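Structure assessment
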Amino acid sequence: MSDRDTSRRQFLTIAGSAAAIALAGCSGGDGGDGSNGGGNESMDGGSMGNESSGEMDGDATMEGPVTIRVRIENVAPTDFYGMDSSTGGQVWITPGAFAVHTESNPIFTEGEPASIGLEGLAEAGPPTGFPNEPGPLDELGEMSGDMTVVAAGAYTPQNTVADPNDPMGEVPGAPPIAPGGAFEFDVEAEPGQKLSFASMFVPSNDIFFAPGSDGIPLWPMDGSPTEGDVTGAVELWDAGTEPNGEPGYGPDQAPAQDSPRQGAEEGGVVRPLSSVMDGYSYPDVGDAIRVTLTPQ
């Protein structure tokens, strides 16, 4: 195994044993040829999905819930950055946190500071956030009682590996997916429910993939469950928590950094990466990630 592959498989374990609580034991469907399978851990027994370009044929008055299979694929080229970058030229997508909700995106609000949970995900990768701090899963769990967050959880590769840096063997090696990999998992939806999720864009200081403030309709109130490619609803976002460096070469970005909180504080707000103008190169969203929904 190359040093780069070892780094990909292990850099998420910096979250410490707290990651094992939220990530261990996830299960889900197979990822398909050439991809990692994925699993999701749901807090409230529900599931999530994404917006789509097409709709399922059928009666708009059908009743829920309907199971929807969500697939998040890494479709980036293998050489977007230089071979001497921290990822060997690749773009990676980390395991993430999701929410099924009825109102606006509960993970972040555009133009406002990121939560400590989102900061941990955007800077270090794990959906459990920084060690000994609330992660996105904790924050979403606290919202689940107000009837706007129906379910929340994490999606991870189906097959985890033991972390040789953890003598107790308690931390799953939840690697990010490289080009050709995918997360795949099932969620349930009813009319009026939406999906939001967040995964770190690697290599970066604090960039992440997510839909916008409206989330992705899983099942429009006046239509059928969403089906098809919904990548158009996903954007790259800057968490505004750490100054950006050149992707793949900055010492304070995953996977090159030595600790999850390494790097200066930026004190900014969450905003679309397209508005940042930092002078660095990033792939178009559709050239890096593909998200599809398939009602079962």
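Report on the accompanying structure.

On to the overall build of the chain, then. Counting secondary structure elements, the chain contains four helices and 16 strands. In the chain, buried positions account for 55% of the 296 residues. Taking the contacts inside the chain whose residues are at least 6 apart along the sequence as the reference set, 81% of them involve residues at least 24 apart. Carbon and sulfur atoms form 45% of the exposed surface of the chain, whose accessible area is close to 11,700 Å².

This part covers helix H3 (residues 116-124). Among the nine residues in H3, eight count as buried, and that is most of the element. Along H3, the residues that are buried comprise Gly117, Leu118, Glu119, Gly120, Leu121, Ala122, Glu123 and Ala124. Buried residues along H3 sit in contact with strand E5 (96-101), helix H4 (136-143), strand E10 (194-202) and strand E11 (207-211). Phi for glycine 125, located one or two positions after H3, is positive at around 110 degrees.

For the rest of this paragraph, the subject is H4. Here H4 has its buried residues at Pro136, Leu137, Glu139 and Leu140. End-on view of H4: buried residues confined to an arc of 165 degrees, all on one side of the axis.

This part covers the packing of aromatic side chains. Under the counting rule described, the total for this entry stands at nine aromatic pairs. The structure contains a cluster of three or more aromatic residues connected by ring pairs, namely Phe98, Tyr155, Phe183, Phe185 and Phe197. One Lys or Arg, arginine 261, reaches over the ring of phenylalanine 130 and ends 4.1 Å from the middle of that ring.

This brings us to the environment of valine 149. Checked against the element boundaries, valine 149 lands in strand E6 (residues 149-157). For the pair formed by valine 149 and lysine 194, sequence separation is 45 residues and the distance between their alpha carbons is 9.5 Å.

What counts and what doesn't
Residues numbered from 1 in each chain as written. Predicted model: local features only at pLDDT ≥ 70, side-chain atom pairs only at ≥ 80, totals over all residues. Heavy atoms only, no water. Helix = DSSP H or I, 4+ residues; strand = E, 2+ residues; numbered from the N terminus. Buried < 20%, exposed > 50% of the residue type's maximum accessible area, 1.4 Å probe, protein only. Contact = heavy atoms within 4.5 Å. Areas by Shrake-Rupley, 256 points an atom, 1.4 Å probe, with all protein chains shown as cover. Arc of directions from axis to C-beta. Phe/Tyr/Trp six-rings, centres within 6.5 Å; stacked < 30°, edge-to-face > 60°. Lys NZ or Arg CZ within 6 Å of the ring centre and 35° of its normal.

Distances and angles like these do not, on their own, reveal function.
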